[in-house]
Every structure is written in C-alpha cells, then in structure tokens.
Amino acid sequence: MQRGRGFLLLVVLLALLTACSDGAGNRPYVLATATTGGTYYPVGVALATITKAQLYETEGISLAAISSAGSAENIKLMRDNQAQFALLQGIFVAWAWNGEGPVRQPQPWLRSIAATWLNADHFVLLSELTEDGTVTDLARLDGERFVLGARNSGAMWSGHHILTSLGIDYEQQFTLAWMGYGATANAIQDGTIVGMNVPGGAPVGAITRAFAATGSDLTLLEFTDEQIAAINARYPLWRRYVLAPGTYPNQAQAVQSIAHPNAHPPVPAVRADVPEEAASQITRAIFENLGALHELHRATRELTLETALGGLGAPLLPGALRYYREQGV
C-alpha cells in the first residue's frame with residue numbers, strides 16, 4: 001500500500017464535483033467530517049474556507065464542513081444525499097464497497113478521487129495499568145472505563161476491528177463509555193476513564209491536549225509485527241507508523257504504532273455520477289495549490305501526485321483519472 005495524503009484533495013474535489021453534477025451553483029455543499037478534537041474536522045473547516053476563496057466567484061461553489069459521528073454516519077449521510085462528500089476511514093471504504101462489517105449492503109455509488117493522509121491509531125492507557133506497553137495491555141483490563149469512540153463512529157468500528165482481530169473481548173472486559181474526541185480528552189484528564197482510542201492524522205488535537213495536561217501518567221500503546229499481521233489478516237490496510245519523539249507533549253520516546261489510509265476513501269468519497277470534466281478541473285485546482293494545503297495540518301503534508309493513488313479501495317472517478325493521466329501519473 002502506498003502512502004497517501006490526499007485528504008484536502010478529497011474534500012474539495014467532492015464539493016466541486018457534486019456541485020457540478022446537479023447544476024445548482026451558489027449554494028453550500030456539505031462536507032461531513034467527524035467530531036471536533038480529531039483531524040477531519042479542522043482540516044474540513046480549512047478546506048471549506050479554501051474552496052470558497054478559490055471557487056465561489058468563478059464557479060459559484062461553496063462548501064460547509066459539518067461535524068458528525070465519523071465514518072459510519074458519513075456513509076449514511078452521503079447515501080441519502082444529506083452530505084455531498086465526506087471523509088472516511090480506509091477500512092470503511094472497503095466495508096462500504098463490499099457490503100461488509102457495519103455496512104450491510106454494497107454501496108455501488110462510491111468512488112475514489114485520491115488517497116489521503118495516514119490515520120494513526122492512538123490507543124492510550126494510564127501508565128499504572130501497563131505491563132509490556134503494547135496493545136495487549138488492554139486484554140488485562142477488568143471492568144475499567146474505556147472510550148472506544150462515539151457510538152457508531154469510525155473510531156468505534158476501527159477499534160472494534162483491531163481489538164477483535166487480536167482476540168481481545170473488550171465488550172466483556174471494559175466498561176465502555178461513548179464520547180467524541182474532545183469529551184474523551186477531558187475525561188482522561190479528569191480521571192473518569194483509564195484509556196481511549198483516538199485514530200487520526202498525527203498530531204491529533206485531543207491527544208495533544210491530554211498529553212499536555214497529564215502526559216507523564218499516560219502511555220501510547222505500541223504494536224508488534226505479529227499484532228499487525230493479525231489485524232491485516234482480512235483487510236491488509238494497516239502498516240507500521242512511528243510517532244516520533246515530541247509528536248505529543250511529554251512524549252520522550254518514539255512510539256511504534258500503526259496507521260491506515262484515509263482514502264479508500266478516507267478517503268475522499270464521492271458519488272459515481274459526478275461529471276468527468278468537473279472531476280478533472282477540481283483535481284487540477286487542488287494539485288496546483290498544494291503549498292497552501294500543506295500549511296493547514298501536518299497530516300496533509302505528504303500529499304503529492306506520486307502518492308495520490310496509493311491504497312484506493314473503490315474505483316477511481318473517471319475525471320480524476322483523466323487528470324492523473326494528463327500529468328503522467
């Protein structure tokens with residue numbers, strides 16, 4: 001799987017493509033992101049700002065970023081056309097295309113535009129409860145309160161996949177609390193939970209806040225090669241991802257975590273009926289303004305033409321494909 005950082009591309013592409021597909025300019029199109037405190041929401045807001053600045057006067061296109069429960073809800077919002085584009089975790093793209101996991105039926109309307117940044121998995125646990133410092137420490141919890149994510153969120157379902165792949169019966173071992181990223185960061189600072197699952201493009205705001213306040217008492221759990229192989233047995237999406245020292249406050253050592261692409265889409269997800277010319281035009285607009293996009297969030301800085309097509313889990317939109325071919329990708 002190639003590395004991808006096309007999140008920004010995804011959002012703007014989706015907005016523009018949808019706008020052109022229904023022929024109604026001068027209206028805001030909706031981009032579904034996730035809860036505040038993660039990566040999707042702040043980047044989505046920035047994308048909405050850039051989209052309006054670059055495209056409203058010439059194309060009549062504007063974009064409104066909304067918070068949501070994450071990938072699971074975003075699939076439904078797009079399916080029902082309540083959102084015209086969305087950010088999705090890579091595993092959700094695979095599930096939605098195949099009709100597996102929490103997505104019961106295949107979603108044939110789903111198309112890809114580009115791969116996005118890697119979504120790093122952050123499993124955090126109170127240091128006093130750790131033994132070997134890997135994710136298997138979670139198997140030793142006995143009724144302690146843990147946040148897997150908000151109900152029916154992307155974080156919840158990707159966390160479910162990871163833990164069940166490792167044979168961790170979290171529903172029996174944890175007392176589960178359901179919260180978005182911001183509330184989760186508050187809860188671990190207040191001592192009302194012992195750990196949390198927060199996937200997102202590093203650095204994630206909620207993890208930064210928690211480690212700034214109580215980092216000396218918290219441990220970012222690591223993953224062994226054997227654990228990565230078990231997680232990838234059905235969907236080979238995850239790869240080694242090293243959180244370098246200083247990624248978060250009070251983090252003195254590198255952390256051997258894992259990550260998977262936000263494309264597949266989270267990827268950029270878009271409906272199949274977007275016109276080819278619109279897709280090509282939007283793709284070009286994004287890649288001609290990469291410098292500005294990279295300043296929005298560190299997680300987006302590795303997006304290049306060379307990495308944009310890595311790890312796509314649904315067919316590529318024809319207009320986007322045309323642009324890549326024109327550029328010799």
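Everything quoted here is computed from the prediction, not taken from an experiment.

**Student:** A description of the environment of Thr35 should follow, citing residues and the corresponding values.
**Tutor:** Turning to its location among the elements, Thr35 is positioned in the loop between strand E1 (27-32) and helix H2 (40-59). Overall, Thr35 belongs to the buried group, its relative accessible area being 19%. Separated by 147 residues in sequence, Thr35 and Gly182 have C-alpha atoms that sit 7.7 Å apart. Engagement of the side chain of Thr35 in a polar contact is seen with the backbone nitrogen of Tyr181, the distance being 3.3 Å.

**Student:** I'd love a proper account of the pairing of strand E12 (residues 255-261), names of residues and values included.
**Tutor:** Burial analysis of E12 places six of its seven residues in the buried class, which makes it a mostly covered element. As defined by bridge partners, strand E5 (residues 118-120) adjoins E12 across three bridges and the pair is classed as antiparallel. Each bridged residue has a counterpart across the sheet, and for Leu118 the counterpart in E12 is Pro261. Examined bridge by bridge, strand E11 (residues 239-243) and E12 share five bridges and lie antiparallel to one another. Paired with Val242 across the strands is Gln256, a residue of E12.

**Student:** Mind laying out the confidence of the model for the chain, listing which residues take part and the relevant values?
**Tutor:** Looking at the chain, the pLDDT average stands at 81 and 81% of residues meet or exceed 70. Low pLDDT, under 50, characterises residues 263-268; the predicted model gives this stretch 52 contacts beyond four residues in sequence or across chains.

**Student:** So what about the sheet that holds strand E7 (residues 145-149)? Which residues, and what values?
**Tutor:** Pairing is mixed across the open sheet formed by five strands, whose spatial order is E8-E7-E9-E6-E10. The open sheet is flanked by strand E8 (175-178) and strand E10 (218-220), the only strands paired with a single partner. Neighbour-to-neighbour, the strand axes of the sheet open up by a mean angle of 20°, direction not taken into account. Of the pairings in the sheet, the one linking E7 to strand E9 (residues 195-197) comprises two bridges and is parallel in character. Residue Phe146 lies in a different strand from E9, and its bridge partner there is Gly195. Relative to the sheet, helix H5 (residues 154-165) contacts strand E6 (123-126), E7, E8 and E9, its axis offset from that of E7 by approximately 110°. In the packing of helix H7 (residues 181-190) onto the sheet, the strands contacted are E6, E7, E9 and E10, and the crossing angle to E9 comes to about 165°.

**Student:** Outline empty space enclosed by the protein, listing residues and values.
**Tutor:** On inspection of all chains with the given rule, the structure shows two cavities of 30 Å³ or more. Empty space within the largest cavity amounts to approximately 180 Å³. Lining the largest cavity we find 22 residues, and of these Ala34, Gly70, Ala155, Tyr181 and Pro199 sit closest to its centre. Residue composition of the lining of the largest cavity, by class: eight nonpolar, 14 polar and no charged.

**Student:** Could you give me a rundown of the nonpolar core, with the residues and numbers involved?
**Tutor:** By size, the foremost hydrophobic cluster in this structure holds 40 residues, and its most contacted members are Phe123, Leu138, Leu163 and Phe223. Put simply, the parts of the chain that give this core at least two residues each are E1, helix H3 (71-79), helix H4 (90-98), E6, E7, H5 and helix H9 (225-231). It is H4 that provides the largest number of residues to this core, a total of six residues. Those residues within four positions of Leu163 in sequence are excluded, and the remaining contacts are Phe123, Val135, Leu138, Leu148, Ile168, Tyr170 and Phe174. Ranked by size, the runner-up nonpolar core spans 27 residues in total, among them Ala120, Ala177, Ala187 and Phe211.

**Student:** Lay out H7 with the relevant residues and their values.
**Tutor:** All of the buried residues in H7 are Tyr181, Gly182, Thr184, Ala185, Ala187 and Ile188. Elements that come into contact with the buried residues of H7 comprise E6, E7, H5, E9, helix H8 (205-214) and E10. With its phi angle positive at about 80°, Gly191 sits one or two positions after the end of H7.

**Student:** Now, about helix H12 (residues 318-326): what can you tell me, with residues and values included?
**Tutor:** Looking at H12, one finds that the buried residues are Gly319, Ala320, Tyr323 and Tyr324. The arc that holds the buried residues of H12, viewed along the axis, is 140°, so those residues lie on one side. Directly after H12, the chain includes Gly328, whose backbone phi takes a positive value near 75°.

**Student:** With reference to specific residues and values, describe the pattern of salt bridges.
**Tutor:** Counting across every chain of the model gives six salt bridges. Where Arg234 meets Glu100, a salt bridge forms, and the shortest distance between an N and an O atom there is 2.7 Å. A residue pair is termed long-range when its members are at least 10 positions apart, and Arg234 in the loop between H9 and E11 and Glu100 in the loop between H4 and strand E4 (110-112) qualify at 134 residues. A salt bridge links Arg140 to Asp137, with the shortest nitrogen-to-oxygen separation between them at 2.3 Å. Judged by relative accessible area, Arg140 falls into the partly exposed class, the value being 40%. We classify Asp137 as buried; its relative accessible area is 0%. When salt bridges with common partners are traced through the structure, they connect Glu131, Asp137 and Arg140 into a single cluster.

Procedures and definitions
Along each chain, residue indices are assigned from 1 in the same order as the chain's sequence is written. Predicted model: local features are reported for residues with pLDDT of at least 70 only, side-chain atom pairs are reported and counted for 80 or more only, and whole-chain, interface and lining totals are derived from all residues. The side-chain figures draw on all heavy atoms in the structure; neither hydrogens nor water molecules are used. For the purposes of this entry, the term helix denotes a DSSP run of H or I that reaches at least four residues, the term strand denotes a run of E that reaches at least two, and both are numbered from the N terminus. Only protein chains enter the calculation, and the probe is 1.4 Å; a residue is then buried if its accessible area is under 20% of its type maximum, exposed if over 50%, and partly exposed in between. Polar contact criterion, stated in full: a pair of N or O atoms within 3.5 Å, where within protein one must be able to donate a hydrogen and the other to accept it, and residues adjacent in sequence count only if both atoms are side-chain atoms. By definition, two strands form a pair when at least two bridges between them are found by DSSP. The predictor reports its confidence for every residue as pLDDT, a score running from 0 up to 100. By definition, residues are in contact when any of their heavy atoms lie within 4.5 Å. In this analysis an axis means a line fitted to C-alpha atoms, helices contributing only their contacting stretch, and an angle means the value between N-to-C directions, from 0 to 180 degrees. Using protein atoms alone on a 1 Å grid, points that fit a 1.4 Å probe yet trap it form a cavity, whereas open point sets bounded by protein on both sides within 12 Å along at least five of seven lines form a pocket; residues with an atom within 4 Å of a point count as lining. Grid points are joined across faces, edges and corners, and a volume is the space filled by probe spheres set on the points. Any residue that is not Ala, Val, Leu, Ile, Met, Phe, Trp, Tyr, Cys, Pro, Asp, Glu, Lys or Arg is counted as polar, Gly included; the first ten are nonpolar and the last four charged. Working definition of a nonpolar core: buried Ala, Val, Leu, Ile, Met, Phe, Trp, Tyr and Cys residues. They are joined through side-chain atoms within 4.5 Å. It is the directions from the helix axis to the C-beta atoms whose arc is reported. Take a side-chain nitrogen of Lys or Arg and a carboxyl oxygen of Asp or Glu: if they are within 4 Å of each other, that pair is a salt bridge.

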